[in-house]
Structures are given as C-alpha cells and as structure tokens.
Amino acid sequence: MKVKDLMEQLKGFDQELEVLCSSEDDDLVASQHIFRLLNIQSVGIVEGEKTRGDDQIPSLKIGKTEFSQKHVVIEVTSDF
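This structure is a prediction, so every number in the text was calculated from the model and none was measured.

Definitions and limits used
- Residues numbered from 1 in each chain as written.
- Predicted model: local features only at pLDDT ≥ 70, side-chain atom pairs only at ≥ 80, totals over all residues.
- Heavy atoms only, no water.
- Helix = DSSP H or I, 4+ residues; strand = E, 2+ residues; numbered from the N terminus.
- Buried < 20%, exposed > 50% of the residue type's maximum accessible area, 1.4 Å probe, protein only.
- Patch = residues over 30% accessible without salt bridge, like charges linked within 9 Å, V, L, I, M, F, W, Y side chains within 5 Å.
- Areas by Shrake-Rupley, 256 points an atom, 1.4 Å probe, with all protein chains shown as cover.
- Salt bridge = Lys/Arg side-chain N within 4 Å of Asp/Glu carboxyl O.
- Pairing = 2+ DSSP bridges.
- pLDDT = per-residue confidence, 0-100.

### Here we look at the environment of E66
1) Next: Structurally, the position occupied by E66 is in the loop between strand 3 (58-62) and strand 4 (69-77).
2) Next: Residue classification places E66 among the exposed positions, given a relative accessible area of 72%.
3) Next: Linking E66 and G48, residues 18 residues apart in sequence, is a C-alpha distance of 9.8 Å.

Below, the structure is given as structure tokens:
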C-alpha cells in the first residue's frame, strides 16, 4: 500500500481515534486465538531491498544498494 492510499482510507475517520494493526497470519497469531492485535509504535522511512530468507520469510535488507528503495515502515508491537 502506498502512503497516499493509506491517507485516503484514513481521512474519513475521526482524527482522534487510536490506530491499531491486526493480523490473522498463522505465524503471528497465538495459540487459541483468532487474530493478534498490534499497537503502532512509530512510523518512519527506511531504505532497503525486499528479500526472502532461505525459509522464505519476507524481510528487508537495510541499506542503500542499486536495488534498494525507500519504504515507509510502521513499527508495531503486540504489547499495549
């Protein structure tokens, strides 16, 4: 999702509402739960290259290379 798309989706909401992230991804959901809530800690820009490890888990190789791009990163935590 691009920043402009996120802003477009959020602009119709009350600006004082708290923003949370949730996931139903099996790798994030705790046993006996349907989903996991993620609390946004910060939003920033990181330059890096999207990649996958040997286990095929998506990752970001941080640093400037010929293949890197700037990304907006929303840092989340599962702790409130």
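### Looking at a nonpolar patch on the surface
1) Next: Together, M1, V3, L6, M7, L10, F13, L17, V43, I45, V72, I74 and V76 line one region of the surface with nonpolar side chains, adding up to about 1200 Å² of accessible area.
2) Next: When contributions to the nonpolar patch are tallied by element, the ones reaching two or more residues are helix 1 (3-10), strand 2 (36-52) and strand 4.
3) Next: The element best represented in the nonpolar patch is helix 1, accounting for 4 residues.
4) Next: Its location among the elements puts L6 in helix 1.
5) Next: L6 gets classed as partly exposed once you look at its relative accessible area, which sits at 32%.

### As for the pattern of salt bridges
1) Next: Within this structure, the stated rule accounts for 1 salt bridge.
2) Next: Close ionic contact of E8 with K11 constitutes a salt bridge, the shortest N to O distance being 3.2 Å.
3) Next: On the basis of relative accessibility, which here comes to 55%, the residue K11 falls in the exposed class.

### Concerning the pairing of strand 2
1) Next: Pairing of strand 1 (residues 20-23) with strand 2 involves 4 bridges; the strand directions are antiparallel. By the bridge assignment for strand 2, L20 is matched with N39.
2) Next: Both strand 2 and strand 4 contribute to a ladder of 9 bridges, which runs antiparallel. Residue pairing in the sheet places S42 in a bridge with E75 of strand 4.
3) Next: Alignment of strand 2 against strand 3, held across 5 bridges, turns out to be antiparallel. Across the sheet, the residue bridging to T51 is S59, located in strand 3.
4) Next: Following strand 2, the chain reverses through 5 residues before pairing antiparallel with strand 3; Q56 in that reversal takes a positive phi of roughly 70°.

### Focus: the confidence of the model for the protein
1) Next: For the protein, per-residue confidence averages 92 on the pLDDT scale, and residues scoring 70 or more make up 100% of the total.
2) Next: Here strand 1 stands out as the least confident element of the protein, with mean pLDDT 89; strand 2 is the most confident, with 94.

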